[in-house]
Amino acid sequence: MSTVNMSIELANLLESEKVNHQLSVSQLVEKILERQEGVLTSTGAIQVETGKYTGRSPHDKFIVSDSLTSHTVEWGDVNQPFSSERFDALYKKVLEHLKEQNELFVFNGYAGADDKYQLPIQVVNEYAWHNLFAHQLFIRPEDTKLKNDAESFSIVSAPTFKAVPDIDGTNSETFIIISFERRVVLIGGTEYAGEMKKSIFSVMNFLLPQNNILPMHCSANVGKEGDVALFFGLSGTGKTTLSADATRRLIGDDEHGWSSTGVFNIEGGCYAKCIQLSKEKEPQIFNAIRFGTVLENVVINSNTRIADYNDNSLTENTRAAYPIQAIDNTILPSVAGHPTAIVFLTADAFGVLPPISKLTKEQAMYHFLSGYTSKLAGTERGITAPQATFSTCFGEPFLPLPPTAYAKMLGKKIDEHNVNVYLVNTGWTGGEYGVGERMKLVYTRAMVQAALEGELISVDTVQDPIFGLEIPAHVPGVPDEVLQPVKAWKNANLYEEKAHQLAQKFTKNFERFANVAPEISQMGGPIISK
Ligand SMILES: Nc1ncnc2c1ncn2[C@@H]1O[C@H](COP(=O)(O)OP(=O)(O)OP(=O)(O)O)[C@@H](O)[C@H]1O
Ligand SMILES: O=C([O-])CC(=O)C(=O)O
Ligand SMILES: [Mn+2]
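What comes next concerns the included structure. Since we're looking at a predicted model, the values are computed, not measured.

**Details of helix 10 (residues 403-416)**
Consideration 1: With 14 residues, helix 10 ought to run about 20 Å at 1.5 Å a step, and its terminal C-alpha atoms sit 20 Å apart, in line with that.
Consideration 2: Of the residues making up helix 10, those classed as buried are P403, Y406, A407, M409, L410, G411, K413 and I414.

Here is the structure:
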């Protein structure tokens, strides 16, 4: 089957009368209610449930190995290869499945807020609510005519189509497959909407470096002086929460590019975690949950339709998807200058990393390549105790290229623009998970504020005895004893034991980079890891 045939088949399908093109938010909300895909909540949002898949499904993700990817992609457990032949066969089946539906929904828009580097995208959905999600998360076009249609990447999503692994070559009934030759992302078997945005992020992680742009799994905001800050971090570490800040304008909450002129958001919306959301602690996000917002797997009262953000009975990973305009202080288009500060976020469940520290150039590269955080009990099946994970560049699941390709670009840019880099632990303090407690959000906000206002550039510091990180001795609004982990723990010996355990994990993990970056592993890692 040739490329031409497949794209003609898709084009033919999209000409059919049953296809709803570019519906407005109101029209999509009407469709969702009419089709009983979701319900209206007390604040006017749409609530939906996704069934079995309430998070991304990394083992079901593939990239087609073809002339564009076979020699460039870092193949392995994260980037699993899929053959072109099998892709075409499955693509054909999915298109046939879509042909059988009474209605389909298509959104055309962009990824990339900087119009010099925009990728036109087309999202073809079986569900109206998935199309509302796409409308809110991607960049909505201002005019009806889109540029570069031939360049456009299509997401073809068929959640009710289930693959048969033995026949289709997938890992399960679910699949997320990217073909760079076909410029198609094929999704089936899962209703979790995050797959759509994260697969386009993977696409951008492959394409942007070709234009010398660094793609980043980070949030970004900008202060009154035009000072830009980036917050890197794995899921749940605080990118969305900390980038929503009444004193700074939001650029974006999850995916950005850094070009020769500055940073830009890849998306047109945000995807915020809702578990234990409160108006007091996170007012911007709380208020964004209104008409047009999609609430995924949040439990609502069947009568009053009021959301209960404390209810985790469907999943810990409850989400709200809203357009960036739903946050009141944003910058539009979401483009800004070069960063002056970078924050690496980690949720350390050992409770031993300092809540804020300043990094040397080598430490910055070390921690970027390491990408440490903890997966917490309960958030993933099979995890009963906190588990240290290392996800390189704070985004391994989304990186098709070797991690050092991204790390080298970051290192160069940090040097060029003299960026200050901080490591912020939003995880546990005073003891490990189950014993200590999560760092108070007000403290983390105070520490981040001090860093972004340049107050930590020349302060007295204390060196962390194990990780070698420079810890500010004082931060306005934060008790001194919170700043140094050893002081926050009741039992100093236990602290030391846990800290050594974590240091060893860092050292062991970094063995994969020891040859590519010996000076970084020697000067950037723990100073004691025995
Ligand atoms: N000290 C803290 N700092 C940041 N977040 C905290 C803190 N304490 C608790 N939290 C909670 O942790 C969660 C952080 O999630 P957030 O949505 O910001 O993660 P994220 O990095 O954007 O993840 P994802 O990439 O999955 O979207 C929020 O629910 C927030 O309320
Ligand atoms: O991708 C998702 O489903 C949520 C997210 O932002 C992440 O995991 O980093
Ligand atoms: Mn987020």
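That shown, we press on.
**Observations regarding the packing of helix 9 (residues 361-370) against helix 14 (residues 492-510)**
Consideration 1: Between helix 9 and helix 14, the least distance of the axes is 10 Å, while the angle of their chain directions is 80 degrees. As summarised for this structure, helix 9 and helix 14 are arranged roughly perpendicular, according to the angle between their axes. Across the interface between the two elements, Y366, H367, L369 and S370 of helix 9 pack against F506, T507, N509 and F510 of helix 14.
Consideration 2: Per-class residue counts for the contact of helix 9 with helix 14 are four nonpolar, four polar and no charged.

**Things to note about the site of ligand 2**
Consideration 1: Residues in close proximity to ligand 2 include R56, Y192, K198, H217, S235, D254, R319 and F398, which together make up its full environment.
Consideration 2: Contact between ligand 2 and K198: an oxygen atom at 2.5 Å from a side-chain N or O atom of the residue.
Consideration 3: Side-chain polar atom of H217 to an oxygen atom of ligand 2: 3.2 Å apart, as the coordinates give it.
Consideration 4: Out of a free accessible area of 260 Å², ligand 2 has 94% covered by protein chains.
Consideration 5: Of the residues assigned to the shell around ligand 2, the class counts are two nonpolar, two polar and four charged.

**Structural notes on the pattern of salt bridges**
Consideration 1: By the definition in use, this model includes 20 salt bridges.
Consideration 2: For the salt bridge of E9 with K92, the shortest nitrogen-to-oxygen distance reads 3.6 Å. With a gap of 83 residues between them, E9 in helix 1 (residues 3-15) and K92 in helix 3 (residues 84-99) connect regions that are remote in the sequence.
Consideration 3: One salt bridge connects D227 with R248, and the closest N-O pair in it is separated by 3.1 Å. In this pair, D227 is assigned in the loop between strand 12 (218-222) and strand 13 (228-233) and R248 in the loop between helix 7 (239-243) and strand 14 (249-252), connecting sequence segments 21 residues apart. Comparing D227 with R248, the two get one shared label, buried.
Consideration 4: A cluster of three or more residues bridged by salt bridges with shared partners is formed by K197, K198, K239, D254, E255 and E267.

Rules of the game
- Residues numbered from 1 in each chain as written.
- Chains lettered and ligands numbered in written order.
- Predicted model: local features only at pLDDT ≥ 70, side-chain atom pairs only at ≥ 80, totals over all residues.
- Heavy atoms only, no water.
- Helix = DSSP H or I, 4+ residues; strand = E, 2+ residues; numbered from the N terminus.
- Expected span 1.5 Å × (residues − 1).
- Buried < 20%, exposed > 50% of the residue type's maximum accessible area, 1.4 Å probe, protein only.
- Axes fitted to C-alpha atoms, helices over the stretch in contact; angles between N-to-C directions.
- Parallel < 35°, antiparallel > 145°, perpendicular 65-115°, else oblique.
- Contact = heavy atoms within 4.5 Å.
- Nonpolar A, V, L, I, M, F, W, Y, C, P; charged D, E, K, R; others polar.
- Near = heavy atom within 4 Å.
- Polar contact = N/O pair within 3.5 Å; in protein donor to acceptor, adjacent residues only side chain to side chain.
- Areas by Shrake-Rupley, 256 points an atom, 1.4 Å probe, with all protein chains shown as cover.
- Salt bridge = Lys/Arg side-chain N within 4 Å of Asp/Glu carboxyl O.

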